[in-house]
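The lines below spell out each chain.
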There are 2 protein chains.
Amino acid sequence: MSDPFAQQPLVYFFGQGRADGTSAMKDILGGKGAGLAEMTNLGISVPPGFTISAPVCQTYLETRSFPPGLRAQVERALQRLEAATGKEFGGDKNPLLMSVRSGAAVSMPGMMETILNLGLNDRTVEGLALRGNNPAFAWDCYRRFVQMFAAVVFGMPKSSFEVLLDEAKHAHGAAREIDLPLAALKTLVTRFKMLVADHVGEPFPEEPMEQLWGAIAAVFKSWNTRRAIDYRRLHDIPDSMGTAVSVVTMVFGNLGEQSGTGVVFSRNPSTGERQLYGEFLSNAQGEDVVSGARNPEPISALHTRLEGPYLELQRMASTLERHFRDVQDMEFTIEDGRLYMLQTRRAQRSGQAAFRIACEMVEEGSISEEEAVARIPPYALDQLLHPMIDPSATLDLLATGLPASPGAASGTVVFSADRAAELGGRGEAVILVRQETSPEDFHGMVASRAILTARGGMTSHAAVVARGMGKPCVAGAQDLDVDESLGVIRAHGREITAGEWITLDGSTGTVYGGQAKLLVPQMGEHYQRLMSWADRIRPMKIRVNADTPADAHRGRDFGAEGIGLCRTEHMFFEGDRLTAMREMIVAESKAEREVALAKLLPMQRRDFEGIFRAMEGFPVTIRLLDPPLHEFLPKDEAELVLLAGELGKPIEHLRRVVDALHEVNPMLGLRGCRLGIIYPEITAMQARAIFEAACTVAARKGRVMPEVMIPLVASVVEFRRQALLVRQVAEEVFQERQLTVPYLIGTMIELPRAALTADEIAREAQFFSFGTNDLTQTTWGLSRDDAGHFLPLYIESGIIEADPFQTLDQQGVGKLIQMACDLGRKTRADLKLGLCGEHGGDPASIAFCETVRMNYVSCSPYRVPIARLSAAQAALSARGTVDRTKATL
Amino acid sequence: MSDPFAQQPLVYFFGQGRADGTSAMKDILGGKGAGLAEMTNLGISVPPGFTISAPVCQTYLETRSFPPGLRAQVERALQRLEAATGKEFGGDKNPLLMSVRSGAAVSMPGMMETILNLGLNDRTVEGLALRGNNPAFAWDCYRRFVQMFAAVVFGMPKSSFEVLLDEAKHAHGAAREIDLPLAALKTLVTRFKMLVADHVGEPFPEEPMEQLWGAIAAVFKSWNTRRAIDYRRLHDIPDSMGTAVSVVTMVFGNLGEQSGTGVVFSRNPSTGERQLYGEFLSNAQGEDVVSGARNPEPISALHTRLEGPYLELQRMASTLERHFRDVQDMEFTIEDGRLYMLQTRRAQRSGQAAFRIACEMVEEGSISEEEAVARIPPYALDQLLHPMIDPSATLDLLATGLPASPGAASGTVVFSADRAAELGGRGEAVILVRQETSPEDFHGMVASRAILTARGGMTSHAAVVARGMGKPCVAGAQDLDVDESLGVIRAHGREITAGEWITLDGSTGTVYGGQAKLLVPQMGEHYQRLMSWADRIRPMKIRVNADTPADAHRGRDFGAEGIGLCRTEHMFFEGDRLTAMREMIVAESKAEREVALAKLLPMQRRDFEGIFRAMEGFPVTIRLLDPPLHEFLPKDEAELVLLAGELGKPIEHLRRVVDALHEVNPMLGLRGCRLGIIYPEITAMQARAIFEAACTVAARKGRVMPEVMIPLVASVVEFRRQALLVRQVAEEVFQERQLTVPYLIGTMIELPRAALTADEIAREAQFFSFGTNDLTQTTWGLSRDDAGHFLPLYIESGIIEADPFQTLDQQGVGKLIQMACDLGRKTRADLKLGLCGEHGGDPASIAFCETVRMNYVSCSPYRVPIARLSAAQAALSARGTVDRTKATL
């Protein structure tokens, strides 16, 4: 291994108006260290200090020792610090005290450790007491330090100290720690230190240097706490990043009424309004704000209390926002009337605020429209488009599962699709709760406000259908024991029965008891303006996956420019249609099958007419029947008997059909174009429905652009035969109607072999749509339905970085897609290329589609705005004009 | 479309010692036409004639019309023919009569049509009568011509004519047609022509030119009869080839006792013995030989009857064999003491003959050793290595299925594996008959002579296991209704019960009632000599797939140079082992699991020791546990209850385990290295068994070369983690034993993603073994177990050319393999590459492996000789020194 420290310093000093680092060095200094350096360089009042680089953290965690040279560099920095402050580290008179803070390149709020007041011991505490002329203050600092050091460095529970503190307060009738008499504070420090000695087996370290190294090591170690690891996993932050450590001269907000501490934003992060926004706590240290022991005042109160520092703060906020060209989130302390800035960073903001701020900064001339578009994080849209639980609501957590479809909803619990349809039909708010859902639950899902399942993953039936309908869904809530027959949910010893209210948040995967207050989404003028910029920027079209006229309309409302995937089979799952479909499946001859198909024809045609009308001439890609036929048959014997009666068939025949259709691996079985090849009459019926509908709409002056998609093609011969049949039917219909409509025939590329032989297929196919769900399944040899047995462990243990069904695996599946695009275009230069499936709504996957120059991506209606934005951001990133990383916070 | 006739003539004349064509023009002239041309050029006595090229056939079949210029060229050829023979086509005196014969580039015996005596009508028949001075002969020829023309050109059933013929024979008390009085023959011709006129609605064509064009068109059309199409499908002959038509002057073997006709081989095609071999029929036309109406004499009889023509025939045979440098199969006719050769072609030969002839021709200096190797068709080995049914046996066909594993066997029917084990254990010959087999039937299969199943394809469990054991198997015999519980097979209204004898032929897929006589295979010196040449030629090593010491020995006996695939799971299916395995699966903690694994360890170690010893230092590739765990659990409730008792676990727990392990698509589920990642203790146990066994053998001066294979890798990270664990265990064992053995760790490339990221995987893996069974399943999205629903139709209707599970799909799967080889070698130049799985025993697939420069292929023991031969042939073909096509006949 090469020595990572051969070139770079390990320690970066800042103070006296100059810093070794800059804001561009986040990877090395962490966000906090980089901010402190940049502010120092800008001449802003920052307590001097130094930052130990993040690569040191990696070395420390690997080797459990500090790299050579670190001690010397830290000692050198300490000397500069003493020179800059005129204080002495460990000195009796004017002791230098320090805070030791973590800070990675990416903000991980509250995940790692901080120690304040480091450098205090029985000698230096007296020096501090002299300085503020306030021994109680000094001993309270000391008491806090011991407590914090013990917790962070020795991992002692805070409660042990709280007990002693409460005892002391009780004994002296003191409401707050600061109200304790000096003697009591001194006793507390002694007792705290004895507690530590008992726990550690050694006395509390009095030596400031020993304290410092202990604190540095502890901050490094805090990178690998369970919660920090979980946080990184959740936010896709690489483990190798490591944290920097900033050691900063202490300033005291708790020196009296001329002191205080707070947090401000340069604009309101909830609404985006342009005004200083934040909170302030008089006579307090930062931890008092965090602990919630005292209630802070709004920042405006500072104006009255300490006008000078307030105006100074306003100037600083404005300077920093201008400098960083974005809204800042800042920490400050006022020590005896003097303002110190302790941290600045890009402000997190609500979805609404993100849009307003971006728009207004364009108006102000601070940023370009392209930058504005690049800056909207995709989650901002999620928030904007879905109801959310009021942050101020008190919640009663029942269980957690997977955040399968975003948004929040409240409703009464129902356990069956029929009941959901019944109550939902009457306008009641219901939530369908199932072990897992199947296509037969579809009507119940339509009638519910949200869906909750105990089993299944992010791509389970419930999740996929819910996202398609834009309904909140929590899937795979394994804590729940759903007893559908008894109508009861058991969770952690509690029981929820049918009719009780629950609330769920599909954005976070949480389920609550009762009816929580929800906030309704707002898409205002800022949204519209920014999205119009995005639409201008992106070359890729955005289409919607829509199976019904209603979905098609919804997609159009969200800005879709066509349908990328219309799954005809979803049309077959309702009432009469399902019966006709089943009649077709159990038919004993081609003639019988054609009778059943003739019943389905007018239903399909009607749907297609509605869809074509809704899309007003935008292209509509219709996939021919795809799923294995057994999916349409009843699952249990009782239903089968019922069906036998309904169709007038002997039950034995139906059983034989069920048996014959049984497959060991249905995913790799008789489905897709294989069905159309075995039963050409199905393809013929569907083609007829499509072209008759197209002609009907065209005859009334409507524009239509059907694109017929042959699914699951592995070989060009399959495609050729099905395409020939479709073309024959099209010609027949055009003859009958004396009318011709333009159309394309193409295929879904969803098997590796199709990608590998794309040059041949493109000789016949006019478009490719990448079915990345199935392509991922086959490329990985990984069944979506079964991946739950090991995929979570794979992700948790870092074998794979992300669920390949959510974010496209660019290395494997992406390589096949790239190959198919290249081979396909080689044969047919104007081949139309698109992607449908779950990945079409995922920003990282959309960015990939831009790099291979796809013509469009298609996603569920509620993902259309995110896709529009992501496509624009991907285009900007590809052009290299705007740094895309700025939008990722 | 470009004009295929722009450059080439449509008609090729031969006669008077010169021909327009040569034997190299098979594609254009067909085998028959090319042979006639070459013989003419050689000065051999051939009746003159001309050949219409095969491309004309393609045009005719596409357009249903003859290409421009054909008529003129045929007329010109007829003129040359008249000049050469001094006869006149349609002439009254000395009429030119012709045979019109089909002949494609590849021999398709009996598949297409022939018409003899063309040119006869009411006038020309008198000319013919004059010539031979034999009116009865002339009218019999006429009678035959009408009958043949009606059948071939008008598609009339032969039986209509047979009725009239029988009537006449009966009326005149004639035993043979030739015994009929002249008047009766004339009446017959008239009645035949009336029958044709009735059927066609027009009079029988009297005009010779009209007869000729009708015959040419009919021969072309016969290319597309059902049986011809089926034959081509079976023998992988492209439909686009088409047939040529040879129009040849008639010579008559039925002119009297100085005439005759026959077929000879230049060597004995059954034994390979060097002597003229064949049959002869005096005073007869060719069709008499075919129809079997008279019994021919052995060719030696000709020597006594007509010594001159016999000696001439011997010279001709010798000339032709020398000229074509291979054994010839010739047709001849003797007309009035004069010998005419009508056809010569490479002789089909038995497996035994193929080896003997090749060896002896090398001895004679006619061909090189390389040519000898290139000439052995793979089927010759199949015949040589397996028992076959005596061709002279009278058979009672019961049913047909798939030829799933070659060879023939007789035995009594048993319906359960236990019963098979019981009777087979006593040495009785039994055949296991099942609906389909599962791993639990393994012990029964071991004890049976052959396996017969009613369901399943060429890659079903029964087929794969039977091939592995070298036992005959007929799978998927759908005509059979196998009732295992009642112990009866029903087939076409018959019933076979347990204990009755049947015979099956796994090379053809046929099942017979009773005990047929079998011929035992013989591998003599010719086999040994030829295989030693093959071994010298081939660069690729041949390994064997072997799971037991017995298989390993068998593989060595067949010449295997290592084990390419040792499937450890097969070791777990027997008795105690299965119980220990199940104990491991249902374990409720890691500790419990380790207890069960500890029981399996010594069993595995013992197997590995035996295998290492058998392989004497040749490499042994051991695949870690691969199949989904549910395959090891009982299938029905009763057995589950039994198991619960055996293991002392509550039945509810076992049911939960079964439930939890249930998968929707087990092929894409928790298996392969995913198991080892979830349960590292399994990998650790297996690694320990491997290295302990290796050390034990090495300690006793044995050489060992284990190659540990991590299965189902999709990502390099999976491989890295499992390899690390294996290496750790190896080090532990080496420490304990104070001994080190060399070993490799590699992976099976069986998922598209592994092939796509092969460069990364090769960074860690020392070898790749292509698991083409699973790679085909995932690349095609095609489950082997379910493909039976549509794959047969796909093959039949020409959507795919061959079952991709039998012959490697080079276009799709092969492209991935090529990519993986290139990427892998880019990272690791000395990466060892091999292929295991069904394709390793398939000649075409082996040839592909040679083109991508694999180090070895591995196949089941009984395929090893074929693989050795095929690898040598592939190498010769790649060098271009020997034309590989010669070996395909």
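The structure this text deals with has already been given above.
The following refers to the structure shown.

1. Some points on the packing of aromatic side chains
Inspection of every chain in the model, using the stated rule, returns 46 aromatic pairs over all chains. When the centroid spacing of 5.2 Å and the interplanar angle of 85 degrees are considered together, the rings of F137 of chain A and F252 of chain A count as edge-to-face. With F137 of chain A in helix α5 (residues 135-154) and F252 of chain A in the loop between β6 (243-249) and β7 (260-265), this residue pair connects regions lying 115 residues apart in the sequence. Neither residue differs from the other here; F137 of chain A and F252 of chain A are each classed as buried. With 5.8 Å between their ring centres and 40 degrees between their planes, Y60 of chain B and F220 of chain B make a pair best called tilted. Taken as a pair, Y60 of chain B in helix α2 (residues 54-63) and F220 of chain B in helix α8 (residues 208-221) lie far apart in primary sequence, 160 residues in all. What makes Y60 of chain B buried here is its relative accessible area of 7%. Taking the relative accessible area as the measure of exposure, F220 of chain B reaches 0% and is therefore buried. One aromatic cluster in this structure is built from Y60, F66, W213 and F220 of chain A.

2. Remarks on the pairing of strand β27 (residues 619-623) of chain B
Residue and element names in this part refer to chain B. With respect to burial, β27 is a largely interior element, five of its five residues being buried. Every second residue of β27 is oriented toward a common face, with P619, T621 and R623 on one face and V620 and I622 on the other, all of them buried. Two strands pair when backbone bridges link them, and strand β26 (residues 563-567) and β27 are joined in this way by three bridges, in the parallel orientation. Looking at β27, one finds that I563 is bridged to V620.

3. As for the sheet that holds strand β16 (residues 430-434) of chain A
All names here are of chain A. One open sheet holds the eight strands; their spatial order is β13-β23-β22-β15-β16-β17-β18-β14, and the pairing between them is mixed. Looking at the sheet topology across the chains shown, the edges are occupied by β13 (396-400) and β14 (402-405). Here the average twist between neighbouring strands, direction ignored, is 35 degrees. Bridge count for β14 against strand β18 (residues 473-475) is three bridges, and the pairing is antiparallel. For S405, the partnering residue across the bridge sits in β18 and is C473. Packing of helix α16 (residues 417-425) onto the sheet brings it into contact with β15 (408-414) and β16, and relative to β16 it is tilted by some 180 degrees.

4. As for the nonpolar core
Within soluble globular proteins, side chains that are nonpolar generally end up buried alongside one another. The biggest cluster of nonpolar side chains holds 301 residues, and the ones touching the most others in it are L530, F612, F768 and F770 of chain A together with L530, F612 and F768 of chain B. Top contributing element to this core by residue count: helix α26 (residues 680-699) of chain B, with 11 residues. Beyond its immediate stretch of four places on either side in the chain, F612 of chain A contacts G617, V620, I622, I690, A693, A694, V697, R703, V704 and P706 of chain A. Among the nonpolar cores identified, the runner-up in size contains 74 residues, and L164, A174, L212 and F252 of chain B belong to it.

5. Describing the sheet that holds strand β3 (residues 49-52) of chain A
All names here are of chain A. Ordered by their spatial adjacency, six strands build an open sheet running β2-β1-β3-β6-β4-β5, and the pairing between neighbours is antiparallel. In this open sheet, the two edge strands, each paired with only one partner strand, are β2 (18-19) and β5 (114-118). Of the pairings in the sheet, the one linking strand β4 (residues 98-104) to β6 comprises seven bridges and is antiparallel in character. Looking at the pairing, M98 lines up with T249 of β6. Along the sheet, helix α1 (residues 26-41) contacts β1 (11-15), β2, β3, β4 and β6; its crossing angle with β4, the most-contacted strand, is approximately 120 degrees.

6. Thoughts on the pattern of salt bridges
Taken as a whole, this structure holds 117 salt bridges over all chains when the rule is applied. Among the ionic pairs, R490 of chain A bridges to D481 of chain A, the shortest N-O distance being 3.2 Å. On the accessibility criterion, R490 of chain A (28% relative accessible area) is partly exposed. Among the residues examined, D481 of chain A registers a relative accessible area of 38% and is labelled partly exposed. The closest approach of N and O atoms between R143 of chain B and D140 of chain B, which form a salt bridge, is 2.8 Å.

7. Here's the deal with the interface of chain A and chain B
With 47 residues of chain A at the contact, the number on the chain B side is 47 residues. Interface area, chain A with chain B, both sides summed: about 4,300 Å², of which 58% is carbon and sulfur. The tally of links between chain A and chain B comes to two salt bridges. A salt bridge links D809 of chain B to R753 of chain A; its shortest N-O distance comes to 2.7 Å. Run the count over chain A and chain B and you get 30 residue pairs in polar contact (both at pLDDT 80 or more). Secondary structure elements with two or more residues in the side of chain A that touches chain B: α25 (673-678), α27 (716-737), α28 (752-756), α30 (772-780), α31 (791-796) and α32 (813-827) of chain A. Residue composition of the side of chain A that touches chain B, by class: 23 nonpolar, 14 polar and 10 charged.

8. So, the relation of the copies chain A and chain B
For these two chain copies, the linking operation is a rotation about an axis paired with a shift along it. Placing chain A over chain B gives an RMSD of 0.4 Å and needs a rotation angle of 179 degrees, together with 0.3 Å of translation along the axis. One copy is carried onto the other by what is essentially a two-fold rotation axis. When the interface residues of chain A are mapped onto chain B, 100% of them are again interface residues, pointing to one common binding face.

9. Topic: the environment of S350 of chain A
Residues and elements named next belong to chain A. Positionally, S350 belongs in the loop between β11 (338-346) and α13 (351-363). Between the C-alpha atoms of S350 and S270, which are 80 residues apart in sequence, the distance is 5.2 Å. When sequence neighbours within four positions are dropped, the list of residues in contact with S350 reads P269, S270 and Q383.

10. Description of the packing of helix α6 (residues 158-172) of chain A against helix α7 (residues 182-200) of chain A
All names here are of chain A. Viewed as axis vectors pointing N to C, α6 and α7 meet at an angle of 155 degrees, and their least axial separation amounts to 10 Å. When the axis of α6 is compared with that of α7, the two are roughly antiparallel. Along this stretch, α6 crosses α7, giving a crossing that reads as right-handed. Contacts between α6 and α7 involve S160, F161, L164, L165, E167, A168 and H172 from the former and A184, L188, R191, F192, L195 and V196 from the latter. Of the residues belonging to the contact of α6 with α7, the class tally is nine nonpolar, two polar and two charged.

11. Focus: unusual backbone geometry
All names here are of chain B. The phi angle at D336 is positive, at roughly 55 degrees, despite the residue not being glycine. Structurally, D336 is set in the loop between β10 (328-335) and β11 (338-346). In the Ramachandran plot, E616 falls in the positive-phi region, its phi being about 45 degrees despite a non-glycine side chain. If you trace the backbone, E616 turns up in the loop between α22 (590-615) and β27. Under the relative-accessibility criterion, E616 is labelled partly exposed at 47%.

Reading the values: the criteria
- Residues numbered from 1 in each chain as written.
- Chains lettered and ligands numbered in written order.
- Predicted model: local features only at pLDDT ≥ 70, side-chain atom pairs only at ≥ 80, totals over all residues.
- Heavy atoms only, no water.
- Phe/Tyr/Trp six-rings, centres within 6.5 Å; stacked < 30°, edge-to-face > 60°.
- Helix = DSSP H or I, 4+ residues; strand = E, 2+ residues; numbered from the N terminus.
- Buried < 20%, exposed > 50% of the residue type's maximum accessible area, 1.4 Å probe, protein only.
- Pairing = 2+ DSSP bridges.
- Axes fitted to C-alpha atoms, helices over the stretch in contact; angles between N-to-C directions.
- Contact = heavy atoms within 4.5 Å.
- Core = buried A, V, L, I, M, F, W, Y, C linked by side-chain atoms within 4.5 Å.
- Salt bridge = Lys/Arg side-chain N within 4 Å of Asp/Glu carboxyl O.
- Buried area = accessible area lost by both parts, 1.4 Å probe.
- Polar contact = N/O pair within 3.5 Å; in protein donor to acceptor, adjacent residues only side chain to side chain.
- Nonpolar A, V, L, I, M, F, W, Y, C, P; charged D, E, K, R; others polar.
- Least-squares fit on C-alpha atoms with pLDDT ≥ 70 in both.
- Parallel < 35°, antiparallel > 145°, perpendicular 65-115°, else oblique.
- Left-handed = near helix turned anticlockwise from the far one by under 90°.

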